[in-house]
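# Observations on the model geometry
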Amino acid sequence: MRLAVLGAGAVGSSVAELAADYGHTVTALADSSSAAVDPDGIDVASALASKRTDDVVGSASLEAALDGEYDALVEATPTTLGDAQPGFGHVRTALERDRHVVLANKGPVAERYADVRELERESDGQVLFEATVGGAMPVLSTIADFDPDHITAVRGVLNGTANFILTRMAAEGLDYEHVLAEAQDLGVAEADPTFDVEGTDAALKCVIVANVLADNGREYTLDDADVEGIKEIPGSALDLATEDGRTVRLIGEVTPAGEVRVGPRLVPANGTLAVTGTNNIVQFETEHAGRLNVSGRGAGGPETATAVLADVGRLDGD
C-alpha cells in the first residue's frame, strides 16, 4: 500500500523506516511544518536525515502530504486532549477522500470516537488503531478476534514510565523524586512526565478500550475516567507492601459495568500483573475462554510501528 505518514517523531519515523520491509511504499512523510512528498515513493532515509540535521522533513507542506497520493494515512502526530486537533482534522480529510486511516495518535479515538465512526460510515475508507493501546501488544485485535460482546472486563499495566518508577521504588527502597530523575536520565521518562505519572496516558488507553467494548451506544472520553496517578505514593507504602508479599502497580481497567478506572493498586508481588520495568500487560476476562493475558513492550518507536504496520496489513488484505 501507499502510505502518507503524518508525524516524524519516534513512531512516525519508525513506520517510514520499516514500511518497505512490510511491502509498502511511503509516498509522503510530514512533521508539523514540512513534508517530503512523491507519488512514486519518497527517499525515507534522506527525509529523516534532513529532519535530524535541519529539523525539516522536506520542502513541501503538510497540506501537500494530505492532498497527495496514498491508500492509507498513518496519523502519528502527538496526542492532544479535548478536541483532538489537529489529528482529528487529518482523519477527517483522509476519510472524506475515501482513504483508509491508521492511528497511532490516541486523541481522535479517545476524545472523539463517535465523530470518527460517523466519518468512517460515510467513507469508503476504514479506521484502525491497534497502536493506540499497548504498543506492540495485540490488545484491540484480541478484542476483535474474540468479539467485544464476549469480553466482560479488561485490566492491566498500560504505562511503561509509571511501571519503571514503581518497580525501582520497590526494588531499591528509593523515593519517587529520586527514581523519576533516574528515569529521565535514562530516557524512560519525558522531561515533563505529567501525562504518564498522573495516569492520563493509561486512562486514554482504557477509554479507547471502553469505546471498542461499548454495546450500548455510549461514547467514552477522558472525562468519564476515574484517574489517580503515582506521584503521592511514598516509598514506605511499597516497603509495607513488600513485607506482605505484594507490590503496587498503576492499574487501568474497564469494569463489567463499563466504568473506566486508573490508579495505584496492590497486587501479588509474584502475580501476573506485577510486570517489571517498562513492560506492560493486559488481562482480558472472557465469557468462554476464561482469563487471557497479553504482555510485552507497550511503547517505543519500532515496537509501536509494528502495530501500525499490522493494521496496514489488515487493510491490504481486505
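The structure contained in this document is the topic of the report that follows.

The rules behind the values
Residues numbered from 1 in each chain as written. Predicted model: local features only at pLDDT ≥ 70, side-chain atom pairs only at ≥ 80, totals over all residues. Heavy atoms only, no water. Helix = DSSP H or I, 4+ residues; strand = E, 2+ residues; numbered from the N terminus. Rg over C-alpha atoms; globule rule 2.2 N^0.38 Å. Buried < 20%, exposed > 50% of the residue type's maximum accessible area, 1.4 Å probe, protein only. Areas by Shrake-Rupley, 256 points an atom, 1.4 Å probe, with all protein chains shown as cover. Lys, Arg positive; Asp, Glu negative; His and termini not counted. Charge placed at Lys NZ, Arg CZ, Asp CG, Glu CD. Salt bridge = Lys/Arg side-chain N within 4 Å of Asp/Glu carboxyl O. Pairing = 2+ DSSP bridges. Axes fitted to C-alpha atoms, helices over the stretch in contact; angles between N-to-C directions. Contact = heavy atoms within 4.5 Å. Phe/Tyr/Trp six-rings, centres within 6.5 Å; stacked < 30°, edge-to-face > 60°. Lys NZ or Arg CZ within 6 Å of the ring centre and 35° of its normal. Arc of directions from axis to C-beta. Polar contact = N/O pair within 3.5 Å; in protein donor to acceptor, adjacent residues only side chain to side chain. Parallel < 35°, antiparallel > 145°, perpendicular 65-115°, else oblique. Left-handed = near helix turned anticlockwise from the far one by under 90°.

## Remarks on the overall build of the protein chain
For the protein chain, the count of helices and strands is 13 helices and twelve strands. Its C-alpha atoms give the protein chain a radius of gyration of 20 Å, within 12% of the compact-globule value 20 Å for 318 residues. Looking at the protein chain as a whole, 53% of its 318 residues qualify as buried. Carbon and sulfur atoms make up 45% of the accessible area of the protein chain, which amounts to about 13,500 Å² in all. Here the protein chain contributes 22 positive and 54 negative side-chain charges, whose respective centroids are spaced 3 Å apart.

## What about the pattern of salt bridges?
One pass over the structure, following the stated rule, counts 21 salt bridges. Between R92 and E96 there is a salt bridge, with the nearest N and O atoms lying 3.8 Å from each other. Taken together, the residues R92 and E96, both in helix α4 (residues 87–96) and four residues apart, mark about one turn of the helix. With a relative accessible area of 54%, E96 lands in the exposed category. A salt bridge links R121 to E118, with the shortest nitrogen-to-oxygen separation between them at 2.7 Å.

## Here we look at the sheet that holds strand β2 (residues 25–30)
Strand order across the open sheet formed by six strands is β3-β2-β1-β4-β5-β6, with mixed pairing between neighbours. Where the open sheet ends on each side, the last strands, each with one partner, are β3 (35–37) and β6 (127–128).

## Describing the pairing of strand β7 (residues 151–157)
Sheet faces and side chains relate simply in a regular strand, where the side chains alternate between the two faces. The element β7 is largely enclosed, with a buried count of five among its seven residues. Bridge count for β7 against strand β11 (residues 279–286) is six bridges, and the pairing is antiparallel. Residue pairing in the sheet places R155 in a bridge with Q283 of β11.

## Focus: the sheet that holds β7
In spatial order, the strands read β8-β10-β9-β7-β11-β12; together these six strands make up an open sheet with mixed pairing. Two strands in the sheet have a free side with no partner beyond their single neighbour: β8 (225–227) and β12 (290–297). Geometrically, the sheet is characterised by an average inter-axis angle of 30° between neighbouring strands, direction not taken into account. Pairing analysis gives three bridges linking β8 to strand β10 (residues 260–268), with the strands arranged parallel. Of the residues in β10, the one forming a bridge with A225 is V260. The strands touched by helix α7 (residues 139–146) within the sheet are β7, β11 and β12, with β11 carrying the most contacts at an inclination of about 15°. Each of β7, β8, β9 (246–254) and β10 touches helix α11 (residues 200–213); the most contacted strand, β10, lies at about 110° to it.

## Concerning the packing of aromatic side chains
The full count for this structure, using the stated rule, is one aromatic pair. Here Y113 and F129 contribute two aromatic rings whose centre-to-centre distance is 6.3 Å and whose plane-to-plane angle is 85°, an arrangement assigned as edge-to-face. Placement of Y113 in helix α6 (residues 113–121) and of F129 in the loop between β6 and α7 is noted, with a sequence separation of 16 residues between them. Neither residue differs from the other here; Y113 and F129 are each classed as buried. Above the face of the Y70 ring, R99 is positioned so that its terminal group lies 5.9 Å from the ring centre. When the ring centre of F88 is taken as origin, the NZ or CZ atom of R112, which lies over that ring, is 3.7 Å away.

## Quick look at helix α2 (residues 44–54)
Restricting attention to buried positions, one finds in α2 the residues V44, A47, L48 and S50. Buried residues of α2, seen end-on, are gathered within an arc of 155° and therefore sit on one face of the element. Within α2, the exposed residues directed more than 90 degrees away from the buried face are A45, R52, T53 and D54. In the core, the buried residues of α2 are packed alongside α1 (10–18), β2 and β3. At the N-terminal boundary of α2, the capping side chain belongs to D43, with an oxygen 3.3 Å from the backbone nitrogen of A45. One or two positions beyond α2, positive phi appears at D55, with a value near 60°.

## Quick look at the packing of α4 against α6
The geometry of a pair of packed helices is captured by two quantities: the angle between their axes and the separation between those axes. Put simply, α4 and α6 touch, their axes get as near as 9 Å, and they point 10° apart. In terms of axis orientation, α4 runs roughly parallel to α6. For the pair α4 and α6, the sense of crossing is right-handed. Here α4 contributes F88, R92, L95 and E96 to the contact with α6, which in turn contributes D115, V116, L119 and E120.

## Considerations on the environment of T306
Looking at where T306 falls in the secondary structure, it is placed in helix α13 (residues 301–317). Separated by 94 residues in the primary sequence, T306 and V212 have C-alpha atoms spaced 21 Å apart. Among residues more than four places away in sequence, those in contact with T306 are Y22 and A136.

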